[in-house]
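If you want the building blocks of each chain, they are given just below.
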Amino acid sequence: MEGKIQQRLECRPYADKSYLDLKVEEMRKVSQPQRQVIQLERAVQNYKPISDHKHNIEYEQKKKLEGKKSRDDRDKVMEMLFHAFEKHQYYNLKDLVRITNQPVTYLKEVLKDVCIYCVKNPHRNMFELKPEYRHYTPTEPMEEGAQGDDDNDDEDNDQS
């Protein structure tokens, strides 16, 4: 902001009793410490530190029961993957690890041969079967003659 000062104004409050009381109260509040010590009537309940929490113990027991993930035969793992991909077209790595119960590094080796890793949306960071492995079975087998007959029936109805 630039400019010239043409007039100067000084303003002072009228020094009456109410103004002085206001300033005294303000000075008293400022002089008080921010934190004060107060005496408690009863002890505050503090929790003792424990070395291991209940949910951590349960998790460790569950991991012991599962045991270490061991590498299954490559063909068996591929069958599990094909079975999973019959249900859904795309899977992320975490779900495939859970389904196959295989170590992540071994599963990635198998997936490199069998799947395509999607890097673009909408299926980002997900795996999809390579085209040569896609042999989806239809849910209801269609009869060859029934499909052509339905089309002809619709045409007959439109002409009437």
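Up top is the structure these notes are about.
This structure is a prediction, so every number in the text was calculated from the model and none was measured.

Colleague: Which residues make up the pattern of salt bridges, and what are the values?
Modeller: In this structure the tally under the stated criterion is six salt bridges. Between Asp21 and Lys17 there is a salt bridge, and its shortest N-O distance comes to 3.5 Å. Linking Asp21 with Lys17, this pair stays in helix H1 (residues 17-31), spanning four residues, or about one helical turn. With relative accessibility at 41%, the residue Asp21 sits in the partly exposed group. On the accessibility criterion, Lys17 (62% relative accessible area) is exposed. Here Glu25 and Arg28 are joined by a salt bridge, their closest N and O atoms 2.4 Å apart.

Colleague: How would you summarise helix H3 (residues 74-87) if you had to cite specific residues and measurements?
Modeller: With 14 residues, H3 extends 21 Å from end C-alpha to end C-alpha; this agrees with the ideal 20 Å at 1.5 Å per step. What H3 keeps buried is the set Val77, Met78, Leu81, Ala84 and Phe85. Seen along its axis, H3 keeps its buried residues to an arc of 125°; they face one direction. Turned more than 90 degrees from where H3 packs its buried face, Asp75, Glu79 and Lys87 sit exposed. Buried residues belonging to H3 abut strand S1 (90-91), helix H4 (93-100), helix H5 (104-114), strand S2 (115-118) and strand S3 (126-129).

Cut-offs and rules
Residues numbered from 1 in each chain as written. Predicted model: local features only at pLDDT ≥ 70, side-chain atom pairs only at ≥ 80, totals over all residues. Heavy atoms only, no water. Salt bridge = Lys/Arg side-chain N within 4 Å of Asp/Glu carboxyl O. Helix = DSSP H or I, 4+ residues; strand = E, 2+ residues; numbered from the N terminus. Buried < 20%, exposed > 50% of the residue type's maximum accessible area, 1.4 Å probe, protein only. Expected span 1.5 Å × (residues − 1). Arc of directions from axis to C-beta. Contact = heavy atoms within 4.5 Å.

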